[in-house]
4 protein chains.
Amino acid sequence: MTTTTGHSTPRTHTGPGGAGPVGYSLPLSPTGASSMLTPPPWHFSGEVVMVEYRVDPDAARRFLPPGLTPGADPGAAAAVFATWQWCSADGAELADPGRCQFGEFLILLSCEFEGRPMARCPYAWVDQAVPMMRGWVQGMPKQFGTIHQSRPVTVGRAGSRLEPGGRFDGALSVHGRRAVEASVTLERSGDRAPALHDVPLAHTLTFPEWVPSADGPRARLVASEVSDVEFSRIWSGSGNLSFLDGGLGDDFASLVPLEVGDGHVFAYGETLHGGRLLTD
Amino acid sequence: MTTTTGHSTPRTHTGPGGAGPVGYSLPLSPTGASSMLTPPPWHFSGEVVMVEYRVDPDAARRFLPPGLTPGADPGAAAAVFATWQWCSADGAELADPGRCQFGEFLILLSCEFEGRPMARCPYAWVDQAVPMMRGWVQGMPKQFGTIHQSRPVTVGRAGSRLEPGGRFDGALSVHGRRAVEASVTLERSGDRAPALHDVPLAHTLTFPEWVPSADGPRARLVASEVSDVEFSRIWSGSGNLSFLDGGLGDDFASLVPLEVGDGHVFAYGETLHGGRLLTD
Amino acid sequence: MTTTTGHSTPRTHTGPGGAGPVGYSLPLSPTGASSMLTPPPWHFSGEVVMVEYRVDPDAARRFLPPGLTPGADPGAAAAVFATWQWCSADGAELADPGRCQFGEFLILLSCEFEGRPMARCPYAWVDQAVPMMRGWVQGMPKQFGTIHQSRPVTVGRAGSRLEPGGRFDGALSVHGRRAVEASVTLERSGDRAPALHDVPLAHTLTFPEWVPSADGPRARLVASEVSDVEFSRIWSGSGNLSFLDGGLGDDFASLVPLEVGDGHVFAYGETLHGGRLLTD
Amino acid sequence: MTTTTGHSTPRTHTGPGGAGPVGYSLPLSPTGASSMLTPPPWHFSGEVVMVEYRVDPDAARRFLPPGLTPGADPGAAAAVFATWQWCSADGAELADPGRCQFGEFLILLSCEFEGRPMARCPYAWVDQAVPMMRGWVQGMPKQFGTIHQSRPVTVGRAGSRLEPGGRFDGALSVHGRRAVEASVTLERSGDRAPALHDVPLAHTLTFPEWVPSADGPRARLVASEVSDVEFSRIWSGSGNLSFLDGGLGDDFASLVPLEVGDGHVFAYGETLHGGRLLTD
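These numbers come from a predicted model, not from an experiment.

Re the packing of helix α3 (residues 129–138) of chain B against helix α3 (residues 129–138) of chain C
- For the pair α3 of chain B and α3 of chain C, the least separation of the axes is 11 Å and the interaxial angle reads 45°. Here α3 of chain B is positioned oblique relative to α3 of chain C, judged by the angle of their axes. Regarding α3 of chain B and α3 of chain C, the two cross each other, and that crossing is right-handed. Here α3 of chain B contributes A129, M132, M133 and W136 of chain B to the contact with α3 of chain C, which in turn contributes A129, M132, M133 and W136 of chain C.
- Residues belonging to the contact of α3 of chain B with α3 of chain C are distributed by class as follows: 8 nonpolar, no polar and no charged.

And the structure:
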């Protein structure tokens, strides 16, 4: 979620042996046009409702793979709701609003790689299949959930404006159980991006092995390569955050909020180009 | 969709004989708190993508009940996509964004009642159950569909800004079939509300009769009583509108666009209070 | 849900004044073919997972309208999950499986009308819009929910067979919160229909008043007229039933299970013809 | 979809360097319990509605990767709708019917590997995220769609029984557009499994490369290893199959039915253990 340079070039997958059906992803087909995913770059424009909070630093550490360390502020975390539009390089998906929109909820943990501040995303949920699968291509652990988030209004009385006193809510349900609720009540605006939303994400690139290999499955630490980062004005105020008994298990529950800090409401844009290996 | 005065007072339904479970609507319960619907007033704040078009005036006339006449511009029609937030008088629903948001698509036909310009809504679809049922309380023929609509962006490259050249799309699917697609390409902005979105709606209040009555089911012509109408600046430009083979039948297809006019993108707010009888 | 005779004849609604667009229900249209609902009779074939339980008799009594009394077994209740197919008289909907299928969860309370055993349904949820609206036509308080229910299997290892030891589950979520969970573990089969599924349903026919009337909204007690009732063999065993904190409020929570009895798994068919007035 | 032996052993993925969070799949977590996917074996029990048809043999050949040949009957194809329950080795998912059920539609093309009859699945859609992702683990190109399929009934009039004259329908919609419709009208039953549902599936194991490698992305031909295959009695009759303009593109459209053959309705169970490399 921050600017880096040196974009990788998209490549096209081919069938075994270099002939036959092709595609950036499954499904492979004669021309490659059936690929469920388009190759990067992918543009994103989103509305974010985010709450900063603190977790047990030991719990957070257990989510960090070798290579990542807790860093200067080991218990810092954030819960992030976002309503996105996305498109490929040619923007084609924008003409089909049912295809280019999705909701997302994710947790971010502060960490460092070789002394550089980064964020680790231990959990993420989206409400569309293409962004879910694209998450796994990046090493981002996106699952499927139901995500709702307040929309700022400019007219009428059914919603809050982006102004002091405005309240913005987010809610995540998974398998028909409410798992997370958050809200932000605005107090002020500024131009400083929230720390955890302004550092690179360090993901673990791994995928289940269907055919057993001698070494077992591979897992590599990667950073996302992002450009054209753009923030709107940042509205901030007091945050609320609750983890409910959503059936997500003890590992998720170990990241429960111990203390809740500020919340932020803002718009955010970026272009995602590919991954850069941190460790092999 | 326009201001009127003389708001009716909400009333509470009770069980047969004036005792037992109560409620504004089903389900009736001891305190009335289980009612699926809250009584009006209901506040609405929405984002609208609207395309003006022309239908066969004879086809439109066949959708007008006695009391309504085609008026000065008999073939004028509009296709309207809207993304709404709503809440009751106390605003309670706003804290649960999954409950207070819905999408809507509707058709409007120009008409007159006793010489006064009004709009008739022959078809409407929403994607949530509460607004659907609330539609029938008003005589508005809301059915269930899948509705998607572009969201204007302010940062990033995944969407259009509200500025000349910006493009906004809407799409309706019903029972897994694409039925309507529309788009607007912005050219200019102004402060003149689109005519068909600025006149009262005349609905037919009727509901199937479960226990046969001597006279058969009743149908009354009503106008919606609305206050606190608010428009944002109106962005306008060229419109596109297609009816696809969505399995909606010949009656719907009789309202196919013969000519497509301007499109508009704007925000709209209103408060809906109740109905006023036009004819009994 | 039991056989009665003397079917009412379906009628067609018309627009105000007897001309203009027509239909059994909204939307009215030139030929009536746009009506969201078809007129009865409606055929139903379903798979049922049902758990008998006991509620606080005083709580149950507060859900009974004048005319209904608690009867011989005042705290008897049932929680019923069903997976339905339905069709109109001509069976047309069956060719579109996305249209003719729905899931349902409902609560039944034992009661009597003039000494005759009946059942009262204080709450019901379905996952499709047409059955929801059709519920209100009958006075059945159907709301929108997410309903899942085990399917018996005949081959493979992913599910239970209809045989001793087989386990069948049901779950209701409303607005992304899990509200009810039930299961039945089969022990035996027989041909005796569960009592609460074999008596007529007494509903309150009422609908919010949009235009205030002198008397206020009307509410009438009706019984559903059903024919061609058919039960499969009834599989029975021990039941489990939990109400979770699903945000459904205190009135719903007053019907929490105090004791859980037997559960039943069976197939059920009926034809629904209309309503018969019990009290005006 | 047929029996093979020599099951692979499930393995657990670990984070980079062999320490840190673990899991069979993303999300990795301290105990591995957050993994979205459970390791195989996976049990499946399904109800199948299947129509045999013929495609242009040249079109089919363009979907075959090196190593697969068209075989003895080059234009043979099938369109398969299935309603599944699934569970892991311990059956835990069966207690949550919203989690263990999904619908699927897939296309099968006849082919051969080293003279042995197999089937190639160029396209598949499911309506749940876990089976979609699990498809990609196997090299099966599952995308997200809306799938509906008739359920046989045993009582009542809302559906067909498994008997001569019974009709069973399936429908696929993708992104709100109807793409495929099929139906089978039963004439007879037997115990011979349909050929294309009784041969192993040959998939291409490949996944987009996020960090560019020297060789480009790998793609390997694998066969699924399946045991405990079980068929119910096979009901067969005349089939119908239509590809509609579902926006799925020219590659999909090249597999349009040229001739439609028999249809089959049956139950099917299997256990899926892993993959076996056909070519590297």
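So, the relation of the copies chain C and chain B
- Once turned by 180° and shifted 0.0 Å along the axis, chain C lies on chain B with an RMSD of 0.0 Å. Expressed as an axis order, the relation between the two copies is that of a two-fold axis.

Topic: the pairing of strand β13 (residues 202–205) of chain A
Residue and element names in this part refer to chain A.
- The alternating pattern of β13 places A202 and T204 on one face and H203 and L205 on the opposite face, and all of these are buried.
- Looking at chain direction, β13 and strand β14 (residues 220–231) are connected through 4 bridges and run antiparallel. Paired with A202 across the bridge in β14 is A223.

A closer look at the relation of the copies chain A and chain D
- Rotating chain A by 180° and moving it 0.0 Å along the rotation axis overlays it on chain D with an RMSD of 0.0 Å.
- Of the residues that chain A buries at the interface, 100% are likewise interface residues in chain D, meaning the two copies contact each other through the same surface.

What to know about the pairing of strand β3 (residues 42–54) of chain B
Residue and element names in this part refer to chain B.
- Extensive coverage of β3 is indicated by the burial of 10 of its 13 residues.
- Judged from the 13 bridges that link them, β3 and strand β5 (residues 76–88) form a sheet pairing that is antiparallel. Of the residues in β5, the one forming a bridge with F44 is W86.
- Bridge count for β3 against strand β16 (residues 259–279) is 12 bridges, and the pairing is antiparallel. Along β16, the bridge assignment pairs V51 with G263.

A word on the interface of chain C and chain B
- Listed per partner, the contact involves 71 residues of chain C and 71 residues of chain B.
- At the boundary of chain C and chain B, one finds 0 salt bridges.
- Scanning the region where chain C abuts chain B turns up 8 residue pairs in polar contact (both at pLDDT 80 or more).
- Of all the secondary structure elements, the ones that give two or more residues to the side of chain C that touches chain B are β1 (13–14), α3, β9 (142–144), β13 (202–205), β14 (220–231), α4 (249–253) and β16 (259–279) of chain C.
- Sort the elements by how many residues they give to the side of chain C that touches chain B and β16 of chain C lands first, with 7 residues.
- In terms of residue class, the side of chain C that touches chain B is built from 40 nonpolar, 22 polar and 9 charged.

Thoughts on the interface of chain A and chain D
- On the chain D side, the residues contacting the 71 residues of chain A number 71 residues.
- Summing both partners gives a buried area of about 6,100 Å² for chain A against chain D, and 71% of it is carried by carbon and sulfur.
- Here chain A is connected to chain D by 0 salt bridges.
- Counting the contacts that link chain A with chain D gives 8 residue pairs in polar contact (both at pLDDT 80 or more).
- If you tally residues by element for the side of chain A that touches chain D, the top one is strand β16 (residues 259–279) of chain A, at 7 residues.

Concerning the confidence of the model for chain A
Residues and elements named next belong to chain A.
- Per-residue confidence for chain A gives a mean pLDDT of 93; residues scoring 70 or more make up 94%.
- Scored below 50 in pLDDT, residues 1–11 shows 40 contacts in the model against residues more than four places distant or in partner chains.
- The ipTM, which scores confidence in the relative placement of chains, is 0.94 for this predicted complex, and the corresponding pTM is 0.95.

Cut-offs and rules
Residues numbered from 1 in each chain as written. Chains lettered and ligands numbered in written order. Predicted model: local features only at pLDDT ≥ 70, side-chain atom pairs only at ≥ 80, totals over all residues. Heavy atoms only, no water. Axes fitted to C-alpha atoms, helices over the stretch in contact; angles between N-to-C directions. Helix = DSSP H or I, 4+ residues; strand = E, 2+ residues; numbered from the N terminus. Parallel < 35°, antiparallel > 145°, perpendicular 65-115°, else oblique. Left-handed = near helix turned anticlockwise from the far one by under 90°. Contact = heavy atoms within 4.5 Å. Nonpolar A, V, L, I, M, F, W, Y, C, P; charged D, E, K, R; others polar. Least-squares fit on C-alpha atoms with pLDDT ≥ 70 in both. Buried < 20%, exposed > 50% of the residue type's maximum accessible area, 1.4 Å probe, protein only. Pairing = 2+ DSSP bridges. Salt bridge = Lys/Arg side-chain N within 4 Å of Asp/Glu carboxyl O. Polar contact = N/O pair within 3.5 Å; in protein donor to acceptor, adjacent residues only side chain to side chain. Buried area = accessible area lost by both parts, 1.4 Å probe. pLDDT = per-residue confidence, 0-100.

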